[in-house]
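Descriptive structure summary
Chain residues, written in single-letter form:
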Amino acid sequence: MKFSVPFSPLERISRFGDERRQDNRKIGTSDQGLSFRDRVLAKGYWKKILNEIKQERRAPPTTFDKKQLAKIKQERVRWESKTLRPWTRDSPEQKQEFRNLSDIPVKRVYTPEDVSNLNQSEQIGLPGEYPYVRGVYPTMYRGRPWTMRMFSGFGTPEDTNKRLHYLLEHGETGVSIAFDMPTLYGYDPDSQRAEGEVGRCGVSVGSLKDMEIILEGIPLEKVSTSMTINAPASVLTAMYVGVAERQGLKPKDLRGTVQADILKEYIAQKEWAFPPEAHLRIIRDMMVYCTKEMPQWNYISISGYHIREAGSSAVQELAFTLADGFAYVDLGLEAGLKVEDFAPRLSFFFNCGMDFFEEVAKFRAARRIWARVLRDKYKVKDPRSLLLRTHAQNSGASLTWQQPLNNIVRTTIEALATVLGGTQSLHTNSYDEAWALPSEAAATVALRTQQIIAEETGVADTIDPLAGSYYLEWLTDEMEERAFQYFDKIERAGGLLDAIKTGFIQREIAENSYRFQQELERGDRVVVGVNKYQIEEKKPIDTLKINEEAQRRQIARITMVRETRDNNKVKQALDELRETFMDEKANSMYPMVKAVRAYATLGEIMDVGRKVFGDYKEPPIL
């Protein structure tokens, strides 16, 4: 494929997989030494590192000497013939082959033979030091516990404000806001597309007035806030700035995270407003704005959670999430930023499922991969920029509507795996979430689950307590290698955006989901209460109900906002935003903040983008 005309930077991002492309111009005015093509394509980089990893795993012993390993092997062979074989003749194992949820074969026993290659100092290290396998901070939870950030939001802003205050009063240490479907897509509550969905799966936000109510009485200079929103992430960030200004704060005083990870929307959650190139341009603008104006704000939370909920395996979640992360690093470089200036503002959001050791290994492998690639590929020297910091949430897909109180046990196991994996922030799902949004009582039990783990179990007393487990260390290495196999496949598919736009990644997830469903239906996988140990149940629990009153109140409020604001200021701000969207070199965040201050609605702001950028349809996944 050859191009007869120069492409804009956004078009270059979408085509970075084409090896014959000659246009290497940059976004912004950065004087980086490597061209965009060399950095993003890094032709052969992933294959090269994959081969290095394979060689490392075949390396001569380091921790154990050869004589000791020979004795261990001799002992294992003796055990298999003298003890195991006679035993299994009368008591055979339950399966011929055991595989974890990522379809990785699991041996019956692991010994030093399986990890003899490990170089302790180079491949595992110590907490707070490269490669950060054992944790990103030297003291981890001995210094301070993870942030207990319960995902909260439903109904009207008043409903959500009450719930946030309740959770803070009961020991929550960070605010996390969930938004309803119209807000996630960027529609106002009185839009025809919002009918019946206002306040249903999160809180409804139509303008700055709603955000003011949600955060009323919450000291933003003391509490960090996480907002799970993507397509309109820039607008909600602008609204957060607007609320802070009314509290007498400056943007530089604010701490928290906005998800903004639009790439995983095209992969998994499907909540976009514009084509990928347009969203990436707006994210670029956010990165530049927040790096300058909001130095404590994490402006992209790169999310594997929704990739996992869409049906991926833990290995796929690991690989596709980190691939997204590397794409945002490339985007920041194209914006003219230095990696050291913006990498500390990137955070991650991982899922945690029911395969306990697989999840612990996933978190440990993620930190090593991120640090390795940032150091070796992007030549990052500042240790702060090598840290993969993560929020985690236990799997909603693992919760069942059958026998819902069993979900308390599932949540506890998943939360424990997350803590042992070294997360910085955690949300525990409520036992009723397969039925409805969490009730107050169920949310309290979920929060208490974290508090019991932190205060009563002793697992936070020492750092990375499972380190050295033969199985865990082997599995950490295995997941790392399989992630690099996917990085190589993505490069061969033409790069990340081409892999998304052609449906390669989506098909990989769909095939894994189909495999898992077949295993459930055959009974090869057991979900207690679903395909084994079923019981007859009437309605087992009371649930939270959202009635139509939320929609009526939100429509009335947004009508009032439009009637009482200065509509000339709104028109002027929206016109300025439109001009900025049409100028590829301009930064859209500044007129967006201006529009929000004038009480332009979410839908009005997003409609400007829809008219400028158009829509996007995903490829068919067959």
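Placed above this text is the structure.
Since the model is a prediction, treat every value here as computed from it, not as a measurement. (Residues numbered from 1 in each chain as written. Predicted model: local features only at pLDDT ≥ 70, side-chain atom pairs only at ≥ 80, totals over all residues. Heavy atoms only, no water.)

**Side note on the nonpolar core**
As a rule of thumb, soluble globular proteins bury nonpolar side chains together. Ranked by size, the top nonpolar core spans 158 residues in total, and within it Phe179, Met211, Met227, Phe326, Phe487 and Ile505 carry the most contacts. With 13 residues, helix α13 (residues 314–334) is the single largest residue contributor to this core. Setting aside its immediate chain neighbours within four residues, phenylalanine 487 contacts Trp46, Ala319, Leu322, Ala323, Phe326 and Ile369. (Core = buried A, V, L, I, M, F, W, Y, C linked by side-chain atoms within 4.5 Å. Buried < 20%, exposed > 50% of the residue type's maximum accessible area, 1.4 Å probe, protein only. Helix = DSSP H or I, 4+ residues; strand = E, 2+ residues; numbered from the N terminus. Contact = heavy atoms within 4.5 Å.)

**Here we look at a nonpolar patch on the surface**
Together, Met354, Val409 and Ile413 line one region of the surface with nonpolar side chains, adding up to about 220 Å² of accessible area. Checked against the element boundaries, isoleucine 413 lands in helix α16 (residues 406–421). (Patch = residues over 30% accessible without salt bridge, like charges linked within 9 Å, V, L, I, M, F, W, Y side chains within 5 Å. Areas by Shrake-Rupley, 256 points an atom, 1.4 Å probe, with all protein chains shown as cover. Salt bridge = Lys/Arg side-chain N within 4 Å of Asp/Glu carboxyl O.)

**Looking at the sheet that holds strand β11 (residues 425–427)**
Across the sheet, which stays open at both edges, the nine strands sit in the order β7-β6-β5-β4-β3-β11-β10-β9-β8 with parallel pairing between neighbours. Each edge of the open sheet is held by one strand with a lone partner, namely β7 (297–298) and β8 (300–303). Here strand β4 (residues 174–178) pairs with strand β5 (residues 225–228) via four bridges, running parallel. For valine 175, the partnering residue across the bridge sits in β5 and is threonine 225. Across the sheet, helix α9 (residues 233–246) lies against β5, β6 (256–258) and β7, angled at about 150 degrees from β5, the strand it touches most. Together, β3 (147–152) and β11 form the strand contacts of helix α17 (residues 440–456), whose direction differs from that of β3 by roughly 165 degrees. (Pairing = 2+ DSSP bridges. Axes fitted to C-alpha atoms, helices over the stretch in contact; angles between N-to-C directions.)

**Things to note about helix α4 (residues 66–90)**
Between its first and last C-alpha atoms α4 spans 36 Å; for 25 residues at 1.5 Å apiece the expected length is 36 Å, and the two agree. The largest bend in α4 comes to about 40 degrees, at leucine 84, with the proline proline 86 one to four residues further on. Between the side-chain oxygen at the start of α4 and the backbone nitrogen of lysine 67 there is a gap of 3.2 Å, and the oxygen is on aspartate 65. (Expected span 1.5 Å × (residues − 1). Bend = angle between axes of the 7 residues up to and from the residue. Polar contact = N/O pair within 3.5 Å; in protein donor to acceptor, adjacent residues only side chain to side chain.)

**Brief notes about the packing of helix α22 (residues 567–582) against helix α24 (residues 602–613)**
The contact between α22 and α24 brings their axes to 10 Å, and the two run at 35 degrees. Read as a crossing pair, α22 and α24 show a hand that is right-handed. Contacts between α22 and α24 involve Val570, Leu574, Leu577, Arg578, Phe581 and Met582 from the first element and Glu604, Ile605, Val608, Gly609, Val612 and Phe613 from the second. When grouped by side-chain class, the residues that make up the contact of α22 with α24 number nine nonpolar, one polar and two charged. (Left-handed = near helix turned anticlockwise from the far one by under 90°. Nonpolar A, V, L, I, M, F, W, Y, C, P; charged D, E, K, R; others polar.)

**Focus on helix α3 (residues 45–57)**
With 13 residues, α3 ought to run about 18 Å at 1.5 Å a step, and its terminal C-alpha atoms sit 19 Å apart, in line with that. Burial in α3 covers these residues: Tyr45, Trp46, Ile49, Leu50 and Ile53. The buried residues of α3 occupy an angular sector of 130 degrees when projected down its axis, which confines them to one face. Packed against the buried residues of α3 are α13, α15 (356–376) and α18 (470–492). (Arc of directions from axis to C-beta.)

**Things to note about unusual backbone geometry**
Cis geometry marks the peptide bond from tyrosine 130 to proline 131, where omega comes out at 5 degrees. Within the fold, proline 131 resides in the loop between α5 (120–124) and β3. Phi at aspartate 103 takes a positive value of approximately 65 degrees, unusual for a residue other than glycine. Tracing the backbone shows aspartate 103 in the loop between β1 (98–99) and β2 (105–106). Even without glycine at this site, tyrosine 132 takes up a positive phi of about 65 degrees. Assignment of secondary structure puts tyrosine 132 in the loop between α5 and β3. A relative accessible area of 4% means that tyrosine 132 is categorised as buried.

**Looking at the side chain of threonine 225**
Structurally, threonine 225 is set in strand β5. Among the residues examined, threonine 225 registers a relative accessible area of 1% and is labelled buried. There is a polar contact of 2.8 Å between the side chain of threonine 225 and the side chain of tyrosine 240. With sequence-adjacent residues up to four places away left out, threonine 225 is seen in contact with Arg149, Val175, Ile177, Leu220, Tyr240, Arg255, Gly256, Thr257 and Trp297.

**Here we look at the environment of valine 612**
Relative to the helices and strands, valine 612 is located in helix α24. In the structure, valine 612 is positioned 33 residues away from glutamate 579 in sequence and 9.4 Å away in space, judged by C-alpha atoms. Discounting chain neighbours no more than four positions away, the residues touching valine 612 are Arg578, Phe581 and Met582.

**Some details on empty space enclosed by the protein**
Here the idea is plain: a probe the size of a water molecule rolls over the atoms and shows the empty space left. One pass over the full model with this rule turns up six cavities of 30 Å³ or more. Empty space within the second largest cavity amounts to approximately 110 Å³. Taken together, 16 residues form the lining of the second largest cavity, with Met140, Tyr141, Val419, Ile463 and Asp464 sitting closest to its centre. Residue contributions to the lining of the second largest cavity peak at three residues, all from α16. Of the residues belonging to the lining of the second largest cavity, the class tally is eight nonpolar, four polar and four charged. (1 Å grid on protein atoms, 1.4 Å probe; cavity = no way out; pocket = protein on both sides within 12 Å on 5 of 7 lines; lining within 4 Å. Points joined across faces, edges and corners; volume = space filled by probe spheres on them.)

**With respect to the packing of helix α11 (residues 276–293) against α13**
Close contact between α11 and α13 brings their axes to 10 Å; oriented N to C, the two are set at 65 degrees. When the axes of α11 and α13 are compared, the pair comes out roughly perpendicular. The handedness of the crossing between α11 and α13 is right-handed. For the pair formed by α11 and α13, the contact residues are Leu280, Ile283, Arg284 and Met287 on the first element and Tyr328, Leu331 and Gly332 on the second. Residues that form the contact of α11 with α13 fall into these classes: five nonpolar, one polar and one charged. (Parallel < 35°, antiparallel > 145°, perpendicular 65-115°, else oblique.)

**A few points about the packing of aromatic side chains**
Applying the stated criterion across every chain yields a total of 26 aromatic pairs. Plain terms: the ring middles of phenylalanine 274 and phenylalanine 613 are 5.4 Å apart, the flat faces sit at 55 degrees to each other, and that makes the pair tilted. Pair noted here: phenylalanine 274 is in the loop between α10 (263–269) and α11 and phenylalanine 613 is in helix α24, with a separation of 339 residues, a long-range link. Classification of phenylalanine 274 as buried rests on a relative accessible area of 1%. Taking the centre distance of 5.1 Å and the plane angle of 80 degrees together, the rings of phenylalanine 484 and phenylalanine 487 count as edge-to-face. (Phe/Tyr/Trp six-rings, centres within 6.5 Å; stacked < 30°, edge-to-face > 60°.)

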